[in-house]
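Structural overview
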Amino acid sequence: MNEHNFVRAIHNKLKGKVHIWKINARFANGVPDAWYSGPAGDLWVEYKWGKYDVSALQQKWLTDRHAEGRRCWLVIGSDEGIRVIQKPPYAKQKTVEQSFYSVAEYTQMLLEVCAEP
């Protein structure tokens, strides 16, 4: 699997449940890969596959928006499962937040943030 297929698998499970914007910001470095919106709120997500290769600009963007009160996650997928970092620092870290989740568990977490008031 690669990042593109990983994100597509997630979006396929979310279709019709939340608004999905797959972002391709070629002229604005650091902007996350996706934005989700629903009745309960919104969420910005930077996706990675297999490694923590988050650029300094991506870390800054997520950290700055989090400081403004926005929900921002760094989500790292691998063959072992999905890790979710829900708050700064958006860098490699070992915390309880980084338990491995399945795609179904992760999409349920996302729906609880965006779709369930």
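Residues numbered from 1 in each chain as written. Predicted model: local features only at pLDDT ≥ 70, side-chain atom pairs only at ≥ 80, totals over all residues. Heavy atoms only, no water.

Some details on the confidence of the model for the chain
Heads up, the rule is: pLDDT: the predictor's confidence for each residue, scored from 0 to 100. In DSSP terms, a helix is any run of H or I states spanning at least four residues, a strand is any run of E spanning at least two, and both are numbered starting from the N terminus.
Looking at the chain, the pLDDT average stands at 91 and 94% of residues meet or exceed 70. Within the chain, the element-level pLDDT minimum falls on strand E5 (residues 81-85), averaging 92, and the maximum on strand E2 (residues 34-38), averaging 97.

Some remarks on the pattern of salt bridges
Our working definition: By definition, a salt bridge exists where a carboxyl oxygen of Asp or Glu is found within 4 Å of a side-chain nitrogen of Lys or Arg. Burial classes follow relative accessibility: with a 1.4 Å probe on protein chains only, a residue under 20% of its type's maximum area counts as buried, one over 50% as exposed, and anything between as partly exposed.
Per the counting criterion, the structure on display carries five salt bridges. Of the charged contacts in the structure, one is a salt bridge between Asp-64 and Lys-60, with a shortest N-O distance of 2.6 Å. Of this pair, Asp-64 and Lys-60 both sit in helix H2 (residues 56-67), four residues apart, which is roughly one turn of that helix. Classification of Asp-64 as partly exposed rests on a relative accessible area of 28%. Two residues, Glu-68 and Arg-65, come together in a salt bridge whose shortest N-O distance is 3.0 Å. Residue classification places Glu-68 among the partly exposed positions, given a relative accessible area of 46%. Overlapping salt bridges bring together Glu-46, Lys-48 and Asp-53 as one network.

As for the sheet that holds E2
Note the threshold: For two strands to count as paired, DSSP must find a minimum of two bridges between them. Axes, fitted as lines to C-alpha atoms, cover a helix only where it is in contact. Angles between the N-to-C directions of the axes lie from 0 to 180 degrees. Whether two residues are in contact is decided by their heavy atoms, any of which lying within 4.5 Å being enough.
Overall, mixed pairing links the five strands, which are arranged E1-E2-E3-E4-E5 in an open sheet. On the outer flanks of this sheet lie strand E1 (19-22) and E5, each paired with one strand and no other. Strand-to-strand twist of the sheet, defined as the mean angle between neighbouring strand axes without regard to direction, takes the value 25°. Bridge analysis of strand E3 (residues 41-49) against strand E4 (residues 72-78) gives six bridges, and the strand direction is parallel. Paired with Val-45 across the strands is Trp-73, a residue of E4. Contacting E3 and E4, H2 crosses the sheet at an angle of about 135° to E4.

Quick notes on the nonpolar core
Test applied: In this description, a nonpolar core means a group of buried Ala, Val, Leu, Ile, Met, Phe, Trp, Tyr and Cys residues linked to one another through side-chain atoms lying within 4.5 Å.
Judged by nonpolar contacts, the single largest core of 20 residues is most densely connected at Tyr-36, Tyr-47, Trp-73, Val-75, Tyr-106 and Leu-110. Contributions of two or more residues to this core are made by helix H1 (3-14), E2, E3, E4, E5 and helix H3 (103-114). Looking at this core, the element that brings in the most residues is H3, giving six residues. If we skip the residues at most four places from it in the chain, Tyr-106 touches Ile-10, Val-45, Tyr-47, Trp-73, Val-75, Ile-82, Val-84 and Tyr-101. In this structure, Trp-44, Val-54, Leu-62 and Tyr-90 belong to the second largest nonpolar core, which totals 11 residues.

Regarding the packing of aromatic side chains
Stated formally: The rule is short: rings of Phe, Tyr and Trp, with Trp giving its six-membered ring, pair when the centres are within 6.5 Å, and they are stacked under 30 degrees, edge-to-face over 60, tilted in between. Consider the ring centre and the ring normal. A charge sits over the ring if Lys NZ or Arg CZ is within 6 Å of that centre and within 35 degrees of that normal.
Taken as a whole and assessed by the stated rule, the structure comprises eight aromatic pairs. Aromatic pair Trp-21 and Trp-35: ring centres 6.3 Å apart, planes at 80°, arrangement edge-to-face. Of this pair, Trp-21 sits in strand E1 while Trp-35 sits in strand E2, and the two are 14 residues apart along the sequence. Its relative accessible area of 44% is what places Trp-21 among the partly exposed residues. Among the aromatic residues, those joined into a ring-pair cluster are Phe-6, Tyr-47, Trp-49, Trp-73 and Tyr-106. For Arg-65, the ring lying beneath its charged end belongs to Trp-61, and the centroid distance is 5.0 Å.

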